[in-house]
Amino acid sequence: MGFGDEEYEGDESRPSQYADFASLLQGFILPLHKAHPGWERLDGAYGVPGRPLAWFDWNGTRYGLNGETQFAPLLQAHEWMSQHPGEDPLIIQKTKGGAGRLTLRPEIGWTDQKALRIETG
């Protein structure tokens, strides 16, 4: 059973808001991974569309982390952040359409861009 398989009602079903990416990792991702170490995706599902599970602010813009996101890139970003305190793990990567998308810095070493689903909100 994944995160989205349970019935949620009221405010508890709404994605949580975090002040920044580091707070999102500490307050949501690490506890969720500890509670569900066997899950690959944040929502614990397979082959179904995800929905935003948590929001965070980055440079004045609100972003949502989709349930399709895998734990691996976020855990790798957390490790990188602990080795590079004060450095921002996120960048805007140019896209064909020109708008760009928020992703992890190349130095972090994560190359599977489909495993990290960050949306503007």
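Bear in mind that the values here come from a model prediction, so they are computed numbers and not experimental data.

Parameters and conventions
Residues numbered from 1 in each chain as written. Predicted model: local features only at pLDDT ≥ 70, side-chain atom pairs only at ≥ 80, totals over all residues. Heavy atoms only, no water. Helix = DSSP H or I, 4+ residues; strand = E, 2+ residues; numbered from the N terminus. Expected span 1.5 Å × (residues − 1). Buried < 20%, exposed > 50% of the residue type's maximum accessible area, 1.4 Å probe, protein only. Polar contact = N/O pair within 3.5 Å; in protein donor to acceptor, adjacent residues only side chain to side chain. pLDDT = per-residue confidence, 0-100. Contact = heavy atoms within 4.5 Å. Salt bridge = Lys/Arg side-chain N within 4 Å of Asp/Glu carboxyl O. Pairing = 2+ DSSP bridges. Axes fitted to C-alpha atoms, helices over the stretch in contact; angles between N-to-C directions. Phe/Tyr/Trp six-rings, centres within 6.5 Å; stacked < 30°, edge-to-face > 60°.

So, helix α1 (residues 21–35)
Thinking step 1. When the terminal C-alpha atoms of α1 are compared, their 20 Å separation across 15 residues agrees well with the 21 Å that a helix rising 1.5 Å per residue should span.
Thinking step 2. Burial in α1 covers these residues: Phe21, Leu24, Leu25, Phe28, Ile29 and Leu32.
Thinking step 3. If you check the start of α1, you find a side-chain oxygen 3.4 Å away from the backbone N of alanine 22, and it comes from aspartate 20.

A short note on helix α2 (residues 71–83)
Thinking step 1. Across its 13 residues, α2 extends 19 Å between first and last C-alpha, which sits within 8% of the 18 Å expected from 1.5 Å per residue.
Thinking step 2. If you check which residues of α2 are buried, you get Phe71, Pro73, Leu74, Ala77, Trp80 and Met81.

Things to note about the environment of leucine 75
Thinking step 1. Its place among the elements puts leucine 75 in helix α2.
Thinking step 2. For leucine 75, a relative accessible area of 26% translates into the label partly exposed.
Thinking step 3. Through-space distance from the C-alpha of leucine 75 to that of leucine 30 is 7.9 Å; in sequence the pair is 45 residues apart.

Quick notes on the confidence of the model for the chain
Thinking step 1. Per-chain confidence: the chain averages 88 in pLDDT, with 88% of residues scoring 70 or above.
Thinking step 2. Predicted confidence for residues 3–12 stays below pLDDT 50, and this span has 12 contacts to residues more than four positions away or in other chains.

Observations regarding the pattern of salt bridges
Thinking step 1. Here the structure, examined in full by the defined rule, presents four salt bridges.
Thinking step 2. The partner of aspartate 43 in a salt bridge is arginine 41, with the nearest N and O atoms 2.7 Å apart.
Thinking step 3. Classification of aspartate 43 by relative accessible area gives buried; the value is 6%.
Thinking step 4. Several salt bridges converge on common partners, so that one network encompasses Glu87, Arg105 and Glu107.

Notes on the sheet that holds strand β6 (residues 118–120)
Thinking step 1. Taken together, the four strands give an open sheet; going across it, the order is β1-β2-β3-β6, and neighbouring strands pair in mixed fashion. Since the sheet does not close on itself, it has two edges, and those belong to β1 (16–18) and β6, each with one partner. Across this sheet, the average inter-strand angle for adjacent strands is 30 degrees, counted without regard to direction.
Thinking step 2. Two strands pair when backbone bridges link them, and strand β2 (residues 52–58) and strand β3 (residues 61–66) are joined in this way by six bridges, in the antiparallel orientation. The partner of alanine 54 across the bridge, within β3, is leucine 65.
Thinking step 3. Against the sheet, α1 makes contact with β1, β2 and β3, and its axis sits at roughly 150 degrees relative to β2, the strand it touches most.

Thoughts on the packing of aromatic side chains
Thinking step 1. Tallying each qualifying case throughout the model produces four aromatic pairs.
Thinking step 2. When the ring of tyrosine 18 is compared with that of phenylalanine 28, the centres are 6.3 Å apart and the planes differ by 40 degrees; the resulting orientation is tilted. With a gap of 10 residues between them, tyrosine 18 in strand β1 and phenylalanine 28 in helix α1 connect regions that are remote in the sequence.
Thinking step 3. In this structure tyrosine 18 comes out as buried when scored by relative accessible area, which is 15%.
Thinking step 4. Look at phenylalanine 28 and you get buried, because its relative accessible area is 11%.
Thinking step 5. Geometrically, the ring pair formed by tryptophan 58 and tyrosine 63 is edge-to-face, given 6.3 Å between the ring centres and 70 degrees between the ring planes.
Thinking step 6. Overall, tryptophan 58 belongs to the buried group, its relative accessible area being 12%.

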